[in-house]
Amino acid sequence: MKKRLVSAVLCSAMAASMLAGCGLSSPKSSTTAATTAAAAETTAAASEAATKEAAGTTEAAADYKVNEAAKADPAVTLTMAEVNPVDNTVCGAMDTKFKEAVEAMSGGSITIDLQGSGVLGVEADVLDGMIGGTGTVDISRISAFALTSYGTKKSVLLSLPYTFKDRDHFWNFANSDLGQEFLNESEELGLGVKGLYYGEEGFRHFFTVKDKPIKTPDDMKGMKIRVSNDPIMTAMVNSLGATPSPVSMSEIYASMQNGTIDGAEQPTVNYAGNSFQEVGPNLTLDGHTLGAMMTVISDKSWDKLTDNQKQVIQDAGKIASDYCRQVSESKENDVLDQLKSQGINIIDVPDKSAWQAACKPIADQYAAGDLADTYQKILDLAK
C-alpha cells in the first residue's frame, strides 16, 4: 500500500517535471509576442474557469442545510477509499456526492479526503486495514456482500443470482427496516466497521466473443466464462452449463482476444468503460446479480466524531444513496444507447425463468436454515 502511495507521489512529481521541461526557447520577437498573447489568453481562460468552478462549489454548498452545531465542532479529516476512478463511474459519482454533502452540511468541520483508482489498495486490503484498525482508511465503498468473508451471515443473500427482480426491488430492500438490519450486522458482530448506506452499479450481465452469443442458458454449455473468485459466482456459471475461468479483471480483454475465455460478466457501465465490447460484442441482459454496494466507516473513526458530526454523516449518506439510485439508472441507459449505436448485439432476456431454475439450487444452499425466512422477506419486497 505504501508503495502505491509513493508511486503516486513520484508519478505526480515526474509529470510536473515533464510539463515544466516542455517549454521551447523563443526564437524571435514575433513568435515571442504571439506566445505572450497566447499565454495571456490561457491565463485568462484558466482564471475564468477557476471562478466558475468556485461559483459552482458555492452553489452546490447552498443546496445543503448546514448543521450549525456540527459546524462548531473540532475539525476532522476522514480518508475515503474507492477502487474505481472517482470521475467517470457510478461508484465515484456516489462517493463525490457524499463528500460534497458532508463538507457542506458540516460547515467545514468534516473534510472527506477521497482517494480513488485503488491508490489505497484493493477492496480486501482496505477492509483488512479498517477491521484491523490500522487507521489508514476511515471510510470505504465496498461490495455489499464483501463482509461475508469477515463473518457476516446475511449479506451473502445479496449476491445470490436472480434475487432482485429489478432496481425498484433492490431499493425497496435498501430503504426498508430489513435493509437496515443488514447494514447493522457488522457493527453488532463487533467486526470493527459500521454500515452507513447502500448504493448500486446496475445489474451484471454476460458478454461473449463475436461468434458465441448467449440467448438461453443452453447456449452457455461448453463455454469458458470469467467470473470473480467467489464460490457463489463460480457455482452460478457451473449451474448454467459453462466452465468458470479464474482470470483476473485486468486480463479479461486479452483473454477474450486470444481465445483463452469465451466471455465474462460485468455491469453495463463497466463493460463499456473497459472497452470490452471490442472483444465481446454480444451483451446478454440476463441481470443475474445486482451490483449492490454499501459504504462503511471504521468504528475508531466513527467514535472520534461528535454526535452532531455523526448526524451529518448519516444525513449525507442518505443523500448519496438517493443520488446513486438516480445516476446509476440514467448512466446505464445512456451507455446502452451508445452501445446500440455502435452496432453491439444487445440481447434482451424478457423471460428469466430458465435462468432462475438453473440457479435455484444455489439459493437453496445458501439461503437455508436461519437465513431462509430472511431471504423470503427480500423476495417479498418485489412489486
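For the structure, see preceding data.
Note that the structure is a prediction, hence the values are computed from the model and not measured.

(A) Summary view of the side chain of Asp 138. In this fold, Asp 138 is placed in the loop between α5 (123-132) and β3 (139-143). On the basis of relative accessibility, which here comes to 6%, the residue Asp 138 falls in the buried class. Among the polar contacts made by the side chain of Asp 138, one reaches the main-chain amide nitrogen of Thr 79 at a distance of 2.7 Å.

(B) Fine view of the packing of aromatic side chains. Enumeration over the complete set of coordinates arrives at 10 aromatic pairs. Ring centres 5.3 Å apart and planes at 40° place the aromatic pair Phe 98 and Tyr 197 in the tilted group. Taken as a pair, Phe 98 in helix α4 (residues 90-105) and Tyr 197 in strand β4 (residues 193-208) lie far apart in primary sequence, 99 residues in all. Classification of Tyr 197 as buried rests on a relative accessible area of 3%. When the centroid spacing of 5.2 Å and the interplanar angle of 75° are considered together, the rings of Phe 170 and Trp 171 count as edge-to-face. Residue classification places Trp 171 among the buried positions, given a relative accessible area of 1%. Here the aromatic cluster, defined as three or more aromatic residues joined through ring pairs, consists of Phe 164, Phe 170, Trp 171, Phe 173, Phe 182 and Tyr 198. Over the aromatic face of Trp 302 sits the side chain of Lys 194, whose NZ or CZ is 5.1 Å from the ring centroid. In this structure, Lys 352 packs its charged tip against the face of Phe 203, placed 5.7 Å from the ring centre.

(C) Seen up close, the pattern of salt bridges. The final tally for this structure, using the stated rule, is 14 salt bridges. For Arg 204, the salt bridge goes to Glu 265, with nearest N and O atoms at 2.7 Å. Of this pair, Arg 204 sits in strand β4 while Glu 265 sits in strand β7 (residues 263-267), placing them 61 residues apart in sequence. Considered together, Arg 204 and Glu 265 belong to a single accessibility category, that of buried residues. Through salt bridges that share partners, Arg 167, Glu 200 and Glu 332 make up one connected network.

(D) Region of the structure containing the environment of Phe 207. Residue placement: Phe 207 occurs in strand β4. Once you skip the residues sitting within four places of it in the chain, Phe 207 turns out to touch Ile 252, Met 256, Asp 262, Gly 263, Ala 264, Glu 265, Gln 266, Tyr 271, Phe 276, Gly 280, Asn 282 and Leu 283.

(E) Looking closely at the nonpolar core. Leu 157, Phe 170, Phe 173, Phe 206 and Ile 378 are the most contacted members of the largest nonpolar core, which has 51 residues in total. For this core, the secondary structure elements donating two or more residues are α5, α6 (167-174), α7 (177-188), β4, α8 (231-239), β8 (282-298), α13 (353-366) and α14 (371-380). Those residues in contact with Phe 173 that lie beyond four places of it in its chain are Leu 158, Phe 164, Leu 178, Gly 179, Phe 182, Tyr 198, Ile 378 and Leu 381.

What counts and what doesn't
Residues numbered from 1 in each chain as written. Predicted model: local features only at pLDDT ≥ 70, side-chain atom pairs only at ≥ 80, totals over all residues. Heavy atoms only, no water. Helix = DSSP H or I, 4+ residues; strand = E, 2+ residues; numbered from the N terminus. Buried < 20%, exposed > 50% of the residue type's maximum accessible area, 1.4 Å probe, protein only. Polar contact = N/O pair within 3.5 Å; in protein donor to acceptor, adjacent residues only side chain to side chain. Phe/Tyr/Trp six-rings, centres within 6.5 Å; stacked < 30°, edge-to-face > 60°. Lys NZ or Arg CZ within 6 Å of the ring centre and 35° of its normal. Salt bridge = Lys/Arg side-chain N within 4 Å of Asp/Glu carboxyl O. Contact = heavy atoms within 4.5 Å. Core = buried A, V, L, I, M, F, W, Y, C linked by side-chain atoms within 4.5 Å.

Function cannot be read off these values alone, since they describe shape.
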